[in-house]
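Listed below are the residues making up each chain.
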Amino acid sequence: MPQKRSSKPTSSRRARPVRARTVRKPPTPSKAAASKRAKERATDRLETYNRLLLEERRRLREELAEMEQHQVKTEEKPVADASGYDDDLVDVATETFEREKGLALESSAQGLLEMVEEALQRIRNGTYGICVGCNTPIDANRLRAIPYARLCIKCKEREERLRSVAR
Ligand SMILES: [Zn+2]
């Protein structure tokens, strides 16, 4: 059982163990330094999101490649002819279901990959973290959880409401 961590989110920097002998005196705060630090933090954050997105892209590509292989395998298998036993019918049904589930998963992994690519594009052109719906900055906690988010939480909720109405 893994040790339970505090539910409070801490930055990875803070999570790193600090050795007593490397502890430095805190820097004297000044306005210029503070704004420089803020800028550095923003760049750091962007780099963190970039890293998260690249990692996610790698994972999704692997997942898709694996699924493709699996897909080929299931399609090579001839669908059992359903004449005869009930057991066979169940097998055919399960197989069809598994195949459809696989296709749905693939389309969602594909969709995610596209969103990840778009987010990387937004990092490159400097619009990352800005809601494409209302042009306001997306909450940092939301970006940490969903680095490929293109909508702020308000626009996302609105989109979901519209989608459930359309259904
Ligand atoms: Zn918005």
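Note that the structure is a prediction, hence the values are computed from the model and not measured. (Residues numbered from 1 in each chain as written. Predicted model: local features only at pLDDT ≥ 70, side-chain atom pairs only at ≥ 80, totals over all residues. Heavy atoms only, no water.)

Trainee: Got a sec to walk through the overall build of the protein? Specific residues and values, please.
Mentor: For the protein, the count of helices and strands is five helices and zero strands. Ordered by position in the sequence, the α and β elements of the protein form the string α-α-α-α-α. Counting across all 167 residues of the protein, residues that qualify as buried make up 18%. In the protein, of all internal contacts separated by at least 6 residues, the share reaching a separation of at least 24 is 57%. When the accessible surface of the protein is split by element, carbon and sulfur atoms take 54% of a total near 13,900 Å². (Helix = DSSP H or I, 4+ residues; strand = E, 2+ residues; numbered from the N terminus. Buried < 20%, exposed > 50% of the residue type's maximum accessible area, 1.4 Å probe, protein only. Contact = heavy atoms within 4.5 Å. Areas by Shrake-Rupley, 256 points an atom, 1.4 Å probe, with all protein chains shown as cover.)

Trainee: Explain the pattern of salt bridges residue by residue, including any values.
Mentor: A complete count under the given rule lists twelve salt bridges for this structure. Between E40 and K36 there is a salt bridge, and its shortest N-O distance comes to 3.4 Å. In this pair, E40 and K36 are both assigned in helix α2 (residues 31-76), four residues apart and thus about one turn of the helix distant. Between E160 and K156 there is a salt bridge, and its shortest N-O distance comes to 3.6 Å. One end of the pair, E160, and the other, K156, are both in helix α5 (residues 153-166), four residues apart, so they sit about a helical turn from each other. E160 sits in the partly exposed class, given a relative accessible area of 42%. Residue K156 is classed as partly exposed on the basis of its relative accessible area, which comes to 24%. Through salt bridges that share partners, K156, E159, E160 and R163 make up one connected network. (Salt bridge = Lys/Arg side-chain N within 4 Å of Asp/Glu carboxyl O.)

Trainee: Let's hear about the coordination of the zinc ion: which residues, and what values?
Mentor: Each donor-metal-donor angle in an ideal tetrahedron of four donors is 109.5 degrees, and each such angle in an ideal octahedron of six donors is either 90 or 180 degrees. C131 (SG), C134 (SG), C152 (SG) and C155 (SG) make up the full set of protein donors to the zinc ion, lying at 2.3 Å. Classification of the site at the zinc ion as tetrahedral follows from its four donor atoms and the range of 105 to 114 degrees in their angles at the metal. Taken in chain order, the donor set of the zinc ion reads C-x2-C-x17-C-x2-C. With respect to burial, C152 and C155 carry one shared label: buried. (Donors = N, O, S within 2.8 Å, 3.2 Å for Na, K, Ca; no water. Tetrahedral: all angles 85-135°; square planar, octahedral: opposite > 155°, others 65-115°.)

Bear in mind that shape data such as this cannot, by itself, settle questions of function.
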